[in-house]
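# Structural description and commentary
Given next are the chains, with one letter for each unit.
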Amino acid sequence: QAQLVESGGGLVQPGGSLRLSCKTEGTILSMNTMGWYRQAPGKQREMVAYITRDGSTKYADSVKGRSTISKENAKNQVYLQMSSLKPEDTAVYYCHAVAGWEDEYAYWGQGTQVTVSS
């Protein structure tokens with residue numbers, strides 16, 4: 001059972017920037033993909049961005065061009081740098097990881113709140 005611990009959430013003004021971090025208890029290299037999802041009040045959880053073991057990335061259209069996902073294998077950490085934040089980016093952000101030969105294992109962090117408001 002992998003443990004994912006997020007940090008970096010908080011209150012930020014519209015147009016501001018934020019970096020979220022996710023640390024895995026085990027080695028990040030055992031994960032096929034790692035990424036971020038978010039869930040706003042009254043809405044379904046949605047994918048924000050993910051990065052594969054070989055470094056390929058994918059972004060939701062809503063954050064493309066404003067966000068960068070990256071990882072540091074040596075630190076077992078994944079980051080989500082977000083800029084030009086909008087009120088609609090307000091949500092609980094969850095770190096997510098997938099492992100296994102057939103992606104049969106999925107892990108979630110506890111979530112970190114991001115609030116974009118003036």
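As a starting point, this report considers the structure included with it. (Residues numbered from 1 in each chain as written. Predicted model: local features only at pLDDT ≥ 70, side-chain atom pairs only at ≥ 80, totals over all residues. Heavy atoms only, no water.)

Read across the open sheet, the four strands follow the order β1-β3-β8-β7; overall the sheet is antiparallel. The open sheet has two edge strands with one neighbour each: β1 (4-7) and β7 (67-72). Neighbour-to-neighbour, the strand axes of this sheet turn through a mean angle of 15°, independent of strand direction. In this sheet, strand β3 (residues 18-24) lies alongside β1 in antiparallel orientation, the contact comprising four bridges. (Pairing = 2+ DSSP bridges. Helix = DSSP H or I, 4+ residues; strand = E, 2+ residues; numbered from the N terminus. Axes fitted to C-alpha atoms, helices over the stretch in contact; angles between N-to-C directions.)

All right, on to the pattern of salt bridges then. For the coordinates displayed, the defined rule picks out four salt bridges. In this structure, the salt-bridge partner of Arg38 is Asp89, at a minimum N-O distance of 2.9 Å. Of this pair, Arg38 sits in strand β4 (residues 31-39) while Asp89 sits in the loop between β8 (77-82) and β9 (91-99), and the two are 51 residues apart along the sequence. Take Arg38 and Asp89: they sit in the same class, and that class is buried. Arg66 serves as the salt-bridge partner of Asp89, at 2.9 Å between the closest nitrogen and oxygen. Here Asp89, found in the loop between β8 and β9, pairs with Arg66, found in the loop between β6 (57-59) and β7; they are 23 residues apart in sequence, far enough to count as distant. For the pair Asp89 and Arg66, a shared accessibility class is recorded, and that class is buried. (Salt bridge = Lys/Arg side-chain N within 4 Å of Asp/Glu carboxyl O. Buried < 20%, exposed > 50% of the residue type's maximum accessible area, 1.4 Å probe, protein only.)

To continue, consider unusual backbone geometry. Phi is positive for Asn76, close to 55°, though the residue is something other than glycine. For Ser84, which is not a glycine, the phi torsion comes out positive at approximately 50°. Along the polypeptide, Ser84 turns up in the loop between β8 and β9. For Ser84, a relative accessible area of 42% gives the class partly exposed.

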